Amino acid sequence: MARAGITPDRLTAAAADLADEVGFESVTLSALARHFGVKDASLYSHVRNLQELRTRVALLAGAEMIDRIAVAVAGRAGKDALAAFAGAYREYALERPGRYAATQIRIDQALVADSPGLRRTAEITYGMLRAYGLEEPDLTDAVRLLRSTFHGYCALEASGGFGAPRDVQKSWKRAIDALHVLLQNWPREDSEEEESEDK
């Protein structure tokens, strides 16, 4: 591949593909330089360092993932939206493991604010949860619960961590059912504070 053909976007896409092949943590500028048939130093005119490249992959993957989720949840609400959201999340995590791993890194908040993909992620996620009647700070707590549940399940499934004979798809469906019931009966923080003050 000709050196003249390298752009930041092409470099990011190549890094994302490499992440799916060898793992996100194994992506290096040296490996990408070999892919493009250039010397390592040539890539520094396109990205400042490996951290910037990994951030770019994270933003790319986050946008891809929310595009899938948006299509899945369109026109749905309540449990249907939750199941569609969760299904698209899990599908992406299992099909694109390196890209998905990139979405878990911490990104500078200034970059988050400038990223249409990450803003859209927040809008769709919070919008789905508002249908359950949640408001802050319960919204943020619920987002953290869903993310940790989805991520934990996908990570264990991808690594073969579920050893019981029970079908993982059936367990996944039951987990979504349980989350739906929990979200319908979310323990409001204000109520807890009032009970504490009454005691």
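Residues numbered from 1 in each chain as written. Predicted model: local features only at pLDDT ≥ 70, side-chain atom pairs only at ≥ 80, totals over all residues. Heavy atoms only, no water.

Caption draft 1: Just the overall build of the protein, in detail. Looking only at helices and strands, the protein features 10 helices and 0 strands. If you list the helices and strands of the protein from N to C, you get α-α-α-α-α-α-α-α-α-α. Here the C-alpha coordinates of the protein stretch approximately 70 × 45 × 35 Å along the principal axes. Counting over 199 residues, the protein shows a buried share of 37%. Put simply, 68% of the contacts in the protein that link residues at least 6 apart link residues at least 24 apart. Of the roughly 11300 Å² of accessible surface on the protein, 51% is carried by carbon and sulfur atoms. Separation of charge centres in the protein, based on 25 positive and 30 negative side chains, amounts to 9 Å. (Helix = DSSP H or I, 4+ residues; strand = E, 2+ residues; numbered from the N terminus. Buried < 20%, exposed > 50% of the residue type's maximum accessible area, 1.4 Å probe, protein only. Contact = heavy atoms within 4.5 Å. Areas by Shrake-Rupley, 256 points an atom, 1.4 Å probe, with all protein chains shown as cover. Lys, Arg positive; Asp, Glu negative; His and termini not counted. Charge placed at Lys NZ, Arg CZ, Asp CG, Glu CD.)

Caption draft 2: Local environment of the nonpolar core. Core analysis: the largest hydrophobic core is formed by 34 residues, its most contacted members being Ile69, Leu82, Leu129, Phe150 and Leu183. Every element with two or more residues in this core is listed here: helix H3 (50-73), helix H4 (78-95), helix H7 (116-130), helix H8 (138-158) and helix H9 (168-184). Among the elements that line this core, the one with the most residues is H4, at 9 residues. Dropping the residues within four chain positions of it, Leu82 is found in contact with Met128, Tyr132, Leu146, Phe150, Ile176, Leu179, His180 and Leu183. (Core = buried A, V, L, I, M, F, W, Y, C linked by side-chain atoms within 4.5 Å.)

Caption draft 3: Structural context of H8. In a regular helix each residue adds 1.5 Å, so 21 residues correspond to 30 Å; H8 covers 30 Å between its end C-alpha atoms and thus fits that length. Burial in H8 covers these residues: Asp138, Leu139, Ala142, Val143, Leu146, Phe150, Tyr153 and Cys154. Axial view of H8: buried residues confined to an arc of 140°, hence all on one face. One or two residues past the end of H8 sits Gly160, with phi positive at roughly 75°. (Expected span 1.5 Å × (residues − 1). Arc of directions from axis to C-beta.)

Caption draft 4: Structural context of H3. Compared with the 34 Å implied by 1.5 Å per residue over 24 residues, the 34 Å span of H3 between its first and last C-alpha is a close match. The N-cap residue of H3 is Asn49: its side-chain oxygen and the backbone nitrogen of Gln51 are 3.2 Å apart. With its phi angle positive at about 80°, Gly75 sits one or two positions after the end of H3. (Polar contact = N/O pair within 3.5 Å; in protein donor to acceptor, adjacent residues only side chain to side chain.)

Caption draft 5: Just unusual backbone geometry, in detail. A cis geometry characterises the amide bond from Glu136 onward to Pro137, with omega recorded as 5°. Tracing the backbone through its elements, the reader meets Pro137 in the loop between H7 and H8.

Caption draft 6: Spotlight on the packing of aromatic side chains. If you walk through the whole model with that rule in mind, you get 6 aromatic pairs. For the ring pair Tyr89 and Phe150, a centre distance of 5.4 Å and an interplane angle of 55° mean the geometry is tilted. Note that Tyr89 is positioned in helix H4 and Phe150 in helix H8, a separation of 61 residues in sequence. Judged by relative accessible area, which is 7%, Tyr89 ranks as buried. On the accessibility criterion, Phe150 (1% relative accessible area) is buried. Taken together, the ring pairs in this structure connect Phe85, Tyr89, Tyr100, Phe150, Tyr153, Phe162 and Trp172 into an aromatic cluster. (Phe/Tyr/Trp six-rings, centres within 6.5 Å; stacked < 30°, edge-to-face > 60°.)

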